[in-house]
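Coordinate inspection notes
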Amino acid sequence: MKKYDVIVVGSGFAGATIAERLANKLGKKVLIIDKRDHIGGNMYDYVDKNGIITHKYGPHLFHTNLDNVYDYVTKFGKWFTYEHRVLGKIKDNLVPIPFNLTSLEKCFSKEKSEKLKKVLINEFGLEKKIPILELRKHSDKDINELAEFIYENVFLYYTMKQWGQTPDEIDPEVTNRVPIFISLDDRYFQDKYQIMPVGGYTKIFENMLNSENIDIKLSVDAKSIMSFLEGKIMVEGEVFKGLVIYTGEVDELFNYKYGDLPYRSLKFEFESKDVDYYQPVATVNYPTKEDKFTRITEYKHMTGENYNVNKTTIMREYPCQYEKNKNMIPYYPINNEESKNIYEKYLQEANRYPNLHLIGRLSQYKYYNMDLIINEALKLFEKIEKEN
Ligand code: FAD
Ligand code: UDP
């Protein structure tokens, strides 16, 4: 291990970005280890038996308002513009999600939807986004009635399935991600850049990590080679003096000594269908009480390829509580007072190791999208560069 200046644990966007920058801009010798048998973290995709690019860990749509992140990722391959659209099943209708003026028309009679549109536009203005929890507090009778309808038919059961709690019980930031949109714009995101990689994410990761200064070891768990002892990081039994950049779970890193951080997990069910297309858009949400899954994604819609097959692949997402040591993946941090306090303790512990940096959705314990993770990694790189 002595030949390496840096060990990066994890090859998702956090690990790959910091490794790429340190190797290519500062000339550092970097070793990346990942416990999975592939690079790319949760963005990993592959061509399935129907010939369709499929995301193994759930649909990943790249969207950002950050110029620096856009400039950075687009260096590593070709991307195409893709604007994601989502429909939600409400009372046997498929309506745009986020709930917008078109959804309103689809859910109510012409007369009622015209009236509600006018009230909403008067109160908030066109092109405004209102979080559901705010809309529910509104004093106007019509707005309040509409808010209850949307709460019940879009948020309540979806959130119960996704988080095991109601929208009022979870961090409001979570439901704020999908506000009510007073607009005819039916895109899921309104970011300046909305792109997908031609040929898939895995190719982007291969290009990022293709450097003579980077070695990659797959199917290696950091726990099996690394331990933490009184301010010193031991790697394969010796003190490692270089940098360690860790993008995994921070509670696992320190043997759960301050308790377990809670996460939600997902089970994915893939199915091949003998039809050209299964649904009208890439993702259909099921905010319904009866269905146990939250959404179905049909990858054919979002990969930019022309597929000459009369088959398609769909994937259902079944959320569940994360339990450690059960072969589950901790996808979503659960932010609440208790988990914040536990996380703080791990952060203090990590600060005792001057050559350790925590970065990524898991080790920063934040519900970050890909672009924000890349931005965090670029910021960390700048800090390390200045200290060099
Ligand atoms: P990860 O991608 O999780 O990578 C961490 C890596 O570290 C993994 O490969 C893991 O195997 C490895 N690792 C962990 N512990 C160890 C260890 N002890 N030893 C060795 N290796 C280890 N974001 C968007 O911007 N748009 C989307 O559409 C979107 N959709 C999503 C859909 C789902 C279902 C989920 C769960 C997330 C989605 N995200 C999306 C968020 C996105 O997945 C994260 O922002 C991104 O994965 C963060 O990258 P990361 O490198 O921090 O973590
Ligand atoms: N949400 C919902 N109904 C929907 C879509 C989203 O209740 O039809 C809520 C739910 O709590 C979800 C959150 O909004 O967890 C954020 O949704 P997003 O689509 O951003 O989730 P992600 O893609 O990150 O899983």
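Summarised in this report is the structure supplied together with it.

**A few points about the overall build of the protein chain**
Within the protein chain, the regular secondary structure consists of twelve helices and 22 strands. A compact globule built from 388 residues would reach a C-alpha radius of gyration of about 21 Å, and the protein chain, at 22 Å, matches this within 12%. Principal axes of the C-alpha set define a box for the protein chain whose edges measure 75 × 50 × 40 Å. Looking at the protein chain as a whole, 57% of its 388 residues are labelled buried. Summarising the internal contacts of the protein chain: among those between residues at least 6 apart in sequence, 72% fall at separations of at least 24. Averaging the locations of the 55 positively and 58 negatively charged side chains of the protein chain gives two centres separated by 1 Å.

**Regarding the site of ligand 2**
Close to ligand 2 lie 16 residues; Trp163, Arg177, Tyr188, Tyr332 and Tyr367 are nearest. At 2.8 Å from an oxygen atom of ligand 2 is found a side-chain nitrogen or oxygen belonging to Trp163. Arg295 has a polar side-chain atom sitting 3.0 Å from an oxygen atom of ligand 2. Expressed as a share of its isolated accessible area of 520 Å², the protein-covered part of ligand 2 is 94%. Contributing elements (two or more residues each) for the shell around ligand 2: α6 (141–163) and α7 (172–176). It is α6 that contributes the most residues to the shell around ligand 2, six residues altogether. Across the shell around ligand 2, the residue classes break down as ten nonpolar, four polar and two charged.

**Regarding the sheet that holds strand β17 (residues 263–273)**
Think of a sheet as strands paired side by side through backbone hydrogen bonds, with each pair either parallel or antiparallel. In space, the seven strands of this open sheet follow the order β8-β7-β18-β19-β20-β17-β21, with mixed pairing throughout. Strand pairing shows two members of the sheet lacking a second neighbour, β8 (93–97) and β21 (332–333), which therefore form its edges. Of the strand pairs in this sheet, β17 and strand β20 (residues 312–321) are connected by ten bridges, and their pairing is antiparallel. Counted as the bridge partner of Leu266 is Pro319 from β20. α6 rests against β7 (86–90), β8, β17, β18 (283–285), β19 (295–298), β20 and β21 of the sheet, and its axis sits at about 100° to β17.

**Description of the pairing of strand β11 (residues 193–197)**
Buried residues dominate β11, accounting for five of its five residues. Side-chain alternation along β11 places Tyr193, Ile195 and Pro197 on one buried face and Gln194 and Met196 on a second face that is also buried. Two strands pair when backbone bridges link them, and strand β5 (residues 62–64) and β11 are joined in this way by three bridges, in the antiparallel orientation. Across the sheet, the residue bridging to His63 is Gln194, located in β11. Of the strand pairs in this sheet, strand β6 (residues 79–81) and β11 are connected by three bridges, and their pairing is antiparallel. Directly across from Trp79, in β11, lies its bridge partner Pro197.

Definitions and limits used
- Residues numbered from 1 in each chain as written.
- Chains lettered and ligands numbered in written order.
- Predicted model: local features only at pLDDT ≥ 70, side-chain atom pairs only at ≥ 80, totals over all residues.
- Heavy atoms only, no water.
- Helix = DSSP H or I, 4+ residues; strand = E, 2+ residues; numbered from the N terminus.
- Rg over C-alpha atoms; globule rule 2.2 N^0.38 Å.
- Buried < 20%, exposed > 50% of the residue type's maximum accessible area, 1.4 Å probe, protein only.
- Contact = heavy atoms within 4.5 Å.
- Lys, Arg positive; Asp, Glu negative; His and termini not counted.
- Charge placed at Lys NZ, Arg CZ, Asp CG, Glu CD.
- Near = heavy atom within 4 Å.
- Polar contact = N/O pair within 3.5 Å; in protein donor to acceptor, adjacent residues only side chain to side chain.
- Areas by Shrake-Rupley, 256 points an atom, 1.4 Å probe, with all protein chains shown as cover.
- Nonpolar A, V, L, I, M, F, W, Y, C, P; charged D, E, K, R; others polar.
- Pairing = 2+ DSSP bridges.
- Axes fitted to C-alpha atoms, helices over the stretch in contact; angles between N-to-C directions.

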